[in-house]
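Structure at a glance
Letter by letter, the chains look like this.
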Amino acid sequence: MRAPEGGPDNVGSAGVNNLAHHAADLIERLRVRQPRVHCITNAVAQNFTANVLLAAGAVPSMTIARAEVAAFASRADALLVNLGTFDAERRAAADLAIAEVRAASKPFVLDPVMIDRSPPRAAYARGLLSRGPSAIRMNAAEFAALSGDGSPQAFAEEQQTIVAITGGTDLVTDGVRTLRIANGHPLMARVTAMGCAESALVAAALALQPDPLMAVGAALLMFGIAGDIAGETANGPGTFGVHILDALFNLDPATIVTRAKVSS
Amino acid sequence: MRAPEGGPDNVGSAGVNNLAHHAADLIERLRVRQPRVHCITNAVAQNFTANVLLAAGAVPSMTIARAEVAAFASRADALLVNLGTFDAERRAAADLAIAEVRAASKPFVLDPVMIDRSPPRAAYARGLLSRGPSAIRMNAAEFAALSGDGSPQAFAEEQQTIVAITGGTDLVTDGVRTLRIANGHPLMARVTAMGCAESALVAAALALQPDPLMAVGAALLMFGIAGDIAGETANGPGTFGVHILDALFNLDPATIVTRAKVSS
Amino acid sequence: MRAPEGGPDNVGSAGVNNLAHHAADLIERLRVRQPRVHCITNAVAQNFTANVLLAAGAVPSMTIARAEVAAFASRADALLVNLGTFDAERRAAADLAIAEVRAASKPFVLDPVMIDRSPPRAAYARGLLSRGPSAIRMNAAEFAALSGDGSPQAFAEEQQTIVAITGGTDLVTDGVRTLRIANGHPLMARVTAMGCAESALVAAALALQPDPLMAVGAALLMFGIAGDIAGETANGPGTFGVHILDALFNLDPATIVTRAKVSS
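Predicted, not measured: the structure shown is a model, and the values here were computed from it.

Rules behind the numbers
- Residues numbered from 1 in each chain as written.
- Chains lettered and ligands numbered in written order.
- Predicted model: local features only at pLDDT ≥ 70, side-chain atom pairs only at ≥ 80, totals over all residues.
- Heavy atoms only, no water.
- Helix = DSSP H or I, 4+ residues; strand = E, 2+ residues; numbered from the N terminus.
- Rg over C-alpha atoms; globule rule 2.2 N^0.38 Å.
- Buried < 20%, exposed > 50% of the residue type's maximum accessible area, 1.4 Å probe, protein only.
- Contact = heavy atoms within 4.5 Å.
- Least-squares fit on C-alpha atoms with pLDDT ≥ 70 in both.
- Salt bridge = Lys/Arg side-chain N within 4 Å of Asp/Glu carboxyl O.
- Right-handed = clockwise from strand over helix to strand, strands pointing away.
- Phe/Tyr/Trp six-rings, centres within 6.5 Å; stacked < 30°, edge-to-face > 60°.
- Axes fitted to C-alpha atoms, helices over the stretch in contact; angles between N-to-C directions.
- Parallel < 35°, antiparallel > 145°, perpendicular 65-115°, else oblique.
- Left-handed = near helix turned anticlockwise from the far one by under 90°.
- Buried area = accessible area lost by both parts, 1.4 Å probe.
- Polar contact = N/O pair within 3.5 Å; in protein donor to acceptor, adjacent residues only side chain to side chain.

Attention now moves to the overall build of chain A. Regarding its fold elements, chain A presents 11 helices and nine strands. Relative to the compact-globule value of 18 Å for 264 residues, chain A shows a C-alpha radius of gyration of 17 Å, a close match. Dimensions of chain A along its principal axes, counting C-alpha atoms only, are 45 × 35 × 35 Å. In chain A, which comprises 264 residues, the share counted as buried stands at 64%. Contacts spanning at least 24 positions in sequence make up 74% of the contacts within chain A whose residues lie at least 6 apart.

This is how it looks when you write it as structure tokens:
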């Protein structure tokens, strides 16, 4: 992976060290607290997303049925709204579920999948900004389609949210503080639903960690380190997709602290 | 896993020994007869469920389209109705498919997924009881939501069905006879759709074995032993989900008889 | 696998040798050109199909939403229309997407899954023939349901398409030239969505190779050889489904040329 770029040190080395310890703490709390994450996500990603949450210690639910999505969202600790396979049923479900979690001040994560390829999906994603997502996880092309030409920091500040842009090096910012995470493996781009599942893990983290920047950063760090470990034993994308679940399940705090590649 | 609990010996050691032999017989008949199982199941579980059926020797079909679900159900040897992601399309499909298999006296299995978390889904599940499911497979929380406060035996007798409650130790009862199966592995709870796929295997078994208690018990025993075997080589939930398919595919009668942990 | 059957030598040994070299060339071009393949496919197959495309170097998209399927199809290099789980949403999406790719003279592949089991699905598949699919991939039972009692060659000529019938030995014909491919492994029939994913690879190949017979043949050959390789290390259908993704990802031109079992 690319080495972390230099940048304005808004977090400082204390903040940087903090992130690894927040992630080490998070993996333990996920297993004890087992937060419920309701996922309105695309059909391609549903199975792998559920398995990533289970491997990390969280409890997924995935229904998109109008008759009951509010019941599930109200019992969940966090919500993921992923815009892949953006059909009428999922939009209706997202509307109901977001209302439920916002009324209860519970976090919701937006994943604007491939909005750079679909103008109607991009317009819908921009509309969801007014519903107050706690965090938005996306790649660089999706960020450009969502935000126009501002910086991640300016966009995070304007929208009062956490912006997470993942890729060779992940960037996480609340507008004031910025963290960069260089963990992860190139095979993550060769297995479908990796980013979608990572967004679900972000939602789980937001349910347990009160500082949203650290929650999002910790989830990305955990997932990136699991990718590093999977990459060491995988023979290709098939075994990689299987081994990353094992790696998440077996991840321990000491490994997170040792392997973290975080900079500000 | 927990050791089998003691209980009223309604089956006796002959019945207990019988179950392992029924399961040993079943695995051979599945491969020869290749029963067709039509599955109306949730989107998260469709792929894994199809792979479990194929690994065991059965032939899955999964369409939920109104225009053709009756055509598929009428050509199937058994039906699974799983209530995860309980949308209008799936409810309509279930209605049509159940009518088809009941008219032909073919078995159908109900899997009332997560009804403890969704009152409308629970109400729908209770409505399906009048349609005469051959068996209901669920966990303890789902059983409580379905039955209120009766015993599994009383509920099975009242509903004239087989009740299968899976967990650390599985319980299977027709109201008169009760079997307990202690095979299985804790990682089964960390891979999504394990229970859903097990219900599909129950449907396949009911297509081939005329004693429905033994059919349901044999399917649960096969799946539990496959889980035991997968647990011996898995490094976590990723490899476990892959290895259980290999274990089912390679399962032989002698292994079933040797490994069975059945009590009454 | 069965040995390739003899047959009229419409291609000749030059054509036969050609296919392996076309496939060797294709795998390299897939990785460089990364064609976009939009897939309207069944829910069971979506995840595995996306992973097969990614492993081979292509870029999948899978939405079936009416509001945006035309936008995705117009940005794709090829289209797959797979008729498994044949619901109203998918039929509407197929209609819009086919119009888009045909207007741009881009290839589309038809996969008439299980039309032998569903008369309405078979009627719909026959209707799609008039929309001019570049290729149709199916098994022998599906071919019989689609074509009645003609030969693959006569049907290909009449419909001006490439007919690919996969099984123990695959047959590919444009009506004049016929190729047979004996690569592949019996476990391919024990993992769901193998044929569906192979059809997506056919679409990717058609985006890059101007001779459609060679495109379809090369895709089938690549997939069959990946199956051969996966079969050498798999312990059953679980590991087979994982290893075939690794094998596709690692496939190199020399291996294709060495392992190809092609005859005319």
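Turning our attention to the relation of the copies chain A and chain B. Under the fitted operation, chain A is carried onto chain B by 0.0 Å of movement along the axis and a turn of 120 degrees, and the coordinates agree to an RMSD of 0.0 Å. Expressed as a symmetry operation, the mapping of one chain copy onto the other fits a three-fold axis. By C-alpha distance to the rotation axis, the residue of chain A lying nearest is A43 of chain A, at 3.9 Å. Each copy contacts the other with its own distinct surface, as only 4% of the interface residues of chain A are interface residues in chain B too.

Before going further, it helps to spend a moment on the pattern of salt bridges. Taken as a whole and assessed by the stated rule, the structure comprises 27 salt bridges over all chains. In this structure, the salt-bridge partner of R177 of chain B is D174 of chain B, at a minimum N-O distance of 3.0 Å. Between D25 of chain C and R29 of chain C there is a salt bridge, and its shortest N-O distance comes to 3.1 Å. Of the two residues, D25 of chain C and R29 of chain C both sit in helix α1 (residues 12-33), four residues apart, roughly one turn of that helix. A relative accessible area of 32% means that D25 of chain C is categorised as partly exposed. Using a relative accessible area of 24% as the deciding quantity, one classes R29 of chain C as partly exposed. Ionic contacts of the salt-bridge type, sharing partners, join the residues D174, R177 and D211 of chain A into one network.

With that out of the way, let us pick up the relation of the copies chain A and chain C. With an axial shift of 0.0 Å and an RMSD of 0.0 Å, the rotation relating chain A to chain C amounts to 120 degrees. Mapped onto chain C, only 4% of the interface residues of chain A are again interface residues, and the two copies thus contact each other with different surfaces.

All right, on to the pairing of strand β4 (residues 108-111) of chain A then. Residues and elements named next belong to chain A. Burial along β4 is two-sided: F108 and L110 and V109 and D111, pointing in opposite directions, are all buried. Handedness of the crossover joining strand β3 (residues 78-82) and β4 through helix α4 (residues 88-103): right-handed. Regarding the hand of the β-α-β motif, the stretch spanning β4, helix α5 (residues 119-129) and strand β5 (residues 135-138) is right-handed.

Let us now look at unusual backbone geometry. Residue and element names in this part refer to chain B. The backbone of Q160 shows a phi angle near 55 degrees, a positive value even though the residue is not glycine. Tracing the backbone through its elements, the reader meets Q160 in the loop between α7 (152-159) and β6 (162-165). A positive phi angle, near 75 degrees, is found at A193, a position not held by glycine. Along the chain, A193 turns up in the loop between β8 (178-181) and α8 (194-206). Its relative accessible area of 9% is what places A193 among the buried residues.

This brings us to the packing of aromatic side chains. Residues and elements named next belong to chain B. Overall, the coordinates contain three aromatic pairs over all chains when judged by the stated rule. Look at F143 and F155: their rings are 5.7 Å apart centre to centre, the planes differ by 85 degrees, and that puts the pair in the edge-to-face class. Of this pair, F143 sits in helix α6 (residues 140-147) while F155 is found in helix α7, placing the two residues 12 residues apart along the sequence.

Residues and elements named next belong to chain B. Where α8 contacts helix α9 (residues 212-233), the two axes come as close as 8 Å, and the packing angle between them is 135 degrees. Put simply, α8 runs oblique to α9. Judged by the sense of rotation from one axis to the other, the crossing of α8 with α9 is right-handed. Within the contact between the two elements, α8 uses M194, E198, L201, V202, A205 and L206 and α9 uses P212, A215, V216, A219, L220, M222 and F223.

This next bit is on the interface of chain A and chain C. With 23 residues of chain A in contact, the opposing surface of chain C contributes 27 residues. Buried surface at the junction of chain A and chain C, both sides included, amounts to about 2,100 Å², of which 60% is carbon and sulfur. Its largest share of buried area at the contact with chain C, chain A owes to V44, R117 and R190 of chain A, together 34% of the area lost on that side. For the pair chain A and chain C, the interface holds one salt bridge. The partner of E68 of chain C in a salt bridge is R121 of chain A, and the shortest N-O contact between them spans 2.7 Å. On the surface where chain A and chain C come into contact, there are 10 residue pairs in polar contact (both at pLDDT 80 or more). At the level of elements, α5 and α10 (237-250) of chain A are the ones that each hand at least two residues to the side of chain A that touches chain C. For the side of chain A that touches chain C, the element with the most residues is α10 of chain A, which contributes four residues.

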